[in-house]
Amino acid sequence: MNSPSGFDFVNGKYLNIDPVKAMFNAAWFPEALHMIIGAFAATGFAVAGIHALMILRKRNIPFHSVGFRIAAVFGCVAALIQPFSGDLSARFVSRTQPAKLAAMEAHFITGKRAALVIGGIPDTKNKKVDYAIEIPGLLSFMANRDINSEVKGLDKIPLNEQPPIAITHYAFQIMVGLGSILMLVSLMYFISLFRQRSRVVRSWLMKLFVASVPLGFVAVEAGWTVTEVGRQPWIIYGVLRAADAVTPMPGIRFAGSNADCSICAK
């Protein structure tokens, strides 16, 4: 949907369909990698948090201690390497879907040394982001590996091709924010392993894992919101718009109904 391939779209018809090429399109590797690592992080932290809760309640401690260590290692390693897959995915988006990147960062004005926006409330009327922390040049560097490079803003994208800015921006900030929290907990966990911290600190760390149980799944859902909402108004990017998909086609009707059908046209 984000990088359609494996077919030809001619005169409103899909021809020469190749399911293998459609599946393994240009976006499959960065998206699949990011999702798989995210799933390991979310599931690892959720399972580790449940075991941590049982340990805190002193329920079958030997069993839950082993279960906690296994899940925590998988979840923490995934959380720490997730930014690398996220960077790969973001760079792909910057090349192929500049409107999505601009909405993710609420980047309204095209320019060089584009700032990375952290938090904030997008003001679409005045084309700015209120209450945000901006790091000059970092978005340019992350997108193009050049701090002085130009990053396309929403001002260069037709209004009817812009995704919902606020939802995309907030979802992206939630994903990155929660991912950063999981990274911080992961660092604390590995530091505690190497330093062999006292039982009191371990108890505090266990409570952090319990509190982190839902965070990975919320981050995953926020990421999917960025992927799908950020693609709008396209259902199939560059091929089929949402408005085109619901436009009735003459002479096509549902069986037993007077309603026009645009989906069953073939």
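The structure reproduced in this document is the subject of the present report.

Parameters at a glance
- Residues numbered from 1 in each chain as written.
- Predicted model: local features only at pLDDT ≥ 70, side-chain atom pairs only at ≥ 80, totals over all residues.
- Heavy atoms only, no water.
- Core = buried A, V, L, I, M, F, W, Y, C linked by side-chain atoms within 4.5 Å.
- Buried < 20%, exposed > 50% of the residue type's maximum accessible area, 1.4 Å probe, protein only.
- Helix = DSSP H or I, 4+ residues; strand = E, 2+ residues; numbered from the N terminus.
- Contact = heavy atoms within 4.5 Å.
- Pairing = 2+ DSSP bridges.

Now for the nonpolar core. By size, the foremost hydrophobic cluster in this structure holds 22 residues, and its most contacted members are F45, A48, F68, A72, C76, Y189 and F209. Of all the secondary-structure elements, those providing two or more residues to this core are α2 (28–56), α3 (61–96), α6 (165–195), α7 (199–211) and α8 (215–229). In this structure Y189 touches F68, R69, A72, V73, C76, L205 and F209, once residues within four positions along its chain are discounted.

All right, on to the pairing of strand β4 (residues 116–123) then. Successive residues of a regular strand alternate their side chains across the two faces of the sheet. Looking at chain direction, β4 and strand β5 (residues 128–135) are connected through 7 bridges and run antiparallel. When the sheet's bridge partners are listed, D123 is paired in β5 with K128. Between β4 and β5, which pair antiparallel in sequence order, lie 4 residues; one of them, K127, sits at a positive phi of approximately 55 degrees.

Backbone torsion omega between Q232 and P233 reads 10 degrees, so that peptide bond is classified as cis. Tracing the backbone through its elements, the reader meets P233 in the loop between α8 and β7 (234–236). Of note, R113 is a non-glycine position whose phi angle comes to about 50 degrees, a positive value. Position of R113 among the secondary structure elements: in the loop between β3 (111–112) and β4. Look at R145: it is not a glycine, yet its phi comes out positive at around 60 degrees. Looking at where R145 falls in the secondary structure, it is placed in the loop between α5 (138–144) and β6 (150–151).

Fair warning: the whole summary comes from geometry, so function is off the table for now.
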